[in-house]
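Chain residues, written in single-letter form:
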Amino acid sequence: MIVLIENIHAREIFDSRGNPTVEVDVILTDGVLGRAAVPSGASTGDREAVELRDGTERLQGKGVLKAVDNVNTAINEALHHLSPFNQAMIDGKMIELDGTNNKQRLGANAILGVSMAVARAAANSKHVPLYRYLGGIDLQLPQPFFNVINGGVHADSGIDVQEFLITPVKRTSFRDGVEKIANVYHTLKKNLAKQGFETAVGDEGGFAPKLANTEAAIEMLYQSIRDAGYQPGAEIAIAIDPASSEFYDDDSALYHFEDKDLTSAELLEYYTKLVAKYPAIVSIEDGFSEHDWAGFKKQTDTMGQNIQLVGDDIFVTNPAIFTEGIKAGVANAILIKLNQIGTVTETIETIKLARANGYKTMLSHRSGETVDSFIADFAVAMNVGQIKSGSIARGERVEKYNQFMRIEEELGD
Ligand SMILES: O=C(O)[C@@H](CO)OP(=O)(O)O
Ligand SMILES: [Mg+2]
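Keep in mind the model is a prediction, meaning the values are calculated, not measured.

Considering the coordination of the magnesium ion (ligand 2)
Link 1 in the chain: In the first shell of the magnesium ion (ligand 2), the protein supplies Asp241 (OD), Glu285 (OE) and Asp312 (OD), at 2.0 to 2.2 Å from the metal.
Link 2 in the chain: In the primary structure, the donors to the magnesium ion (ligand 2) are separated according to the pattern D-x43-E-x26-D. Taken as a pair, aspartate 241 in strand S6 (residues 236-241) and aspartate 312 in the loop between strand S11 (308-311) and helix H9 (319-328) lie far apart in primary sequence, 71 residues in all.
Link 3 in the chain: Residue class for aspartate 312 comes out buried when judged on its relative accessible area of 2%.

Below, the structure written as structure tokens:
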């Protein structure tokens, strides 16, 4: 029996920050359903594909009814009775229908919702798990990075660095890694409370204590890793995402960081000293602004041999922009976010580009999420190597880690 797309239906739902977002149902001619929901960022890169919002009075302008309508009319018509098993063709049709270079007409939120839901419908129709449908034979669970202290625009902690992540470098399995992180997480909570700090959490489920600065947060992590019975660095390593585009001033070309205005060179000196003092730090993401390619390049030249340097806002998962970055020798790893580029097919293209050029890849959630765990299956299918999905203490974050544990159980040894 030939199975085709019968109907596509989108609706407006709400994400983990209480903002509207797009959910899409794809129904095939065999009656099978594929459903997917689109996440949303707060510290977005300028050149990300456009998230279409209504801009009307309703819901502070954040409604997504236009995007929903684009799915239910134009996209539904264009994909009617096409094969759900040719993802590249489906994504290509939507890119063509949109006709812009940043998906501003139909909305990347509309297009990505359909793109992911088609993949899921196809997998369901074939009765195979999504990770197996999208993946080849090389299915691998990634190294997980858990964001346990939140700052920047994700919390009101007052800490300039947006994310402090910990990763279980020594682990016997994915589940074992999650258990170790859970131990550190609960120890960190106790340590914060003991010292009189708040233990409420930020957007990504990490704590949002009013710590003095970056070093104080890292000290807190070192102490909690040790108190939980692990060695910082050898057993549990640390990563940071300063998301520095958020504190970069384009006019003066200065970084407003921890009450000082730093030049690009001064910020580099800061990072150099920071990793020398805290060798458990193995990865820095967006250490420099998306508008400071020279600074990012300088950091790559001086620190890139010893540490992972991840480009997020600067590359926005865009194959064309990333190609410029590769040519310029900027960063040695790339953060991958499906909604920065807007289709499954283009995301795969960027991952392949990274692999071909010796860049590491880290798949990422957004700070506004839903319980959709598409990225867990996608990470395994694409063998991305690393993932970040927040802490283990908010449902929409932990659902991704739980899905990895289900997949690990299915894959066995
Ligand atoms: O900067 C980031 O890496 C992301 C995800 O953690 O944040 P946002 O989704 O707000 O862009
Ligand atoms: Mg980032």
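Points about the pairing of strand S10 (residues 281-285)
Link 1 in the chain: Most of S10 is tucked away, with four of its five residues classed as buried.
Link 2 in the chain: Note: S6 against S10, three bridges, orientation parallel. Looking across to S10, one finds that alanine 239 is bridged to serine 283.
Link 3 in the chain: What joins S10 to S11 is helix H8 (residues 293-303), and the crossover it makes is right-handed.

Focus: the UniProt feature "binding site: substrate" (unreviewed entry) in the chain
Link 1 in the chain: Those places that UniProt annotates as "binding site: substrate" (unreviewed entry) correspond, in this numbering, to His154, Glu163, Glu285, Asp312, Ser364, His365, Arg366, Ser367 and Lys388.
Link 2 in the chain: Inspection of the secondary structure puts histidine 154 in the loop between strand S4 (143-150) and strand S5 (163-168).
Link 3 in the chain: Once you skip the residues sitting within four places of it in the chain, histidine 154 turns out to touch Arg17, Ala42, Ser43, Gln162, Glu163, Gly202, Asp203, Glu204 and Ser367.
Link 4 in the chain: Tracing the backbone shows glutamate 285 in strand S10.
Link 5 in the chain: Relative accessible area serves as the criterion here: at 3%, glutamate 285 is assigned to the buried category.
Link 6 in the chain: Those residues in contact with glutamate 285, other than ones at most four positions away along the chain, are Ile240, Asp241, Pro242, Ala243, Val310, Asp312, Leu335 and Lys388.

Side note on the site of ligand 1
Link 1 in the chain: Ala42, Glu163, Glu204, Ser367 and Lys388 are the nearest of the 17 residues found near ligand 1.
Link 2 in the chain: Residue glutamate 285 places a side-chain N or O atom 3.0 Å away from an oxygen atom belonging to ligand 1.
Link 3 in the chain: In this structure, aspartate 312 approaches ligand 1 through a side-chain N or O atom, which is 3.0 Å from an oxygen atom.
Link 4 in the chain: The fraction of the free accessible surface of ligand 1 (310 Å²) that becomes covered by protein chains is 100%.
Link 5 in the chain: For the shell around ligand 1, the per-class residue count stands at two nonpolar, seven polar and eight charged.

Details of the UniProt feature "active site" (unreviewed entry) in the chain
Link 1 in the chain: Look at the UniProt record and you will see "active site" (unreviewed entry) annotated at Glu204 and Lys337.
Link 2 in the chain: Owing to a relative accessible area of 2%, glutamate 204 belongs among the buried residues under this scheme.
Link 3 in the chain: Look past the residues within four positions of glutamate 204 in its chain and what remains in contact with it is Asn147, Asn150, His154, Glu163, His365, Arg366, Ser367, Gly390, Ser391, Arg394 and Arg397.
Link 4 in the chain: Of note is the side chain of glutamate 204, whose polar atom sits 2.8 Å from the side chain of asparagine 147.
Link 5 in the chain: Along the chain, the position of lysine 337 falls in the loop between strand S12 (333-336) and helix H10 (338-341).
Link 6 in the chain: Classification of lysine 337 by relative accessible area gives buried; the value is 5%.

The rules we used
Residues numbered from 1 in each chain as written. Chains lettered and ligands numbered in written order. Predicted model: local features only at pLDDT ≥ 70, side-chain atom pairs only at ≥ 80, totals over all residues. Heavy atoms only, no water. Donors = N, O, S within 2.8 Å, 3.2 Å for Na, K, Ca; no water. Helix = DSSP H or I, 4+ residues; strand = E, 2+ residues; numbered from the N terminus. Buried < 20%, exposed > 50% of the residue type's maximum accessible area, 1.4 Å probe, protein only. Pairing = 2+ DSSP bridges. Right-handed = clockwise from strand over helix to strand, strands pointing away. UniProt positions renumbered as here; feature names shortened; annotations may be inferred. Contact = heavy atoms within 4.5 Å. Near = heavy atom within 4 Å. Polar contact = N/O pair within 3.5 Å; in protein donor to acceptor, adjacent residues only side chain to side chain. Areas by Shrake-Rupley, 256 points an atom, 1.4 Å probe, with all protein chains shown as cover. Nonpolar A, V, L, I, M, F, W, Y, C, P; charged D, E, K, R; others polar.

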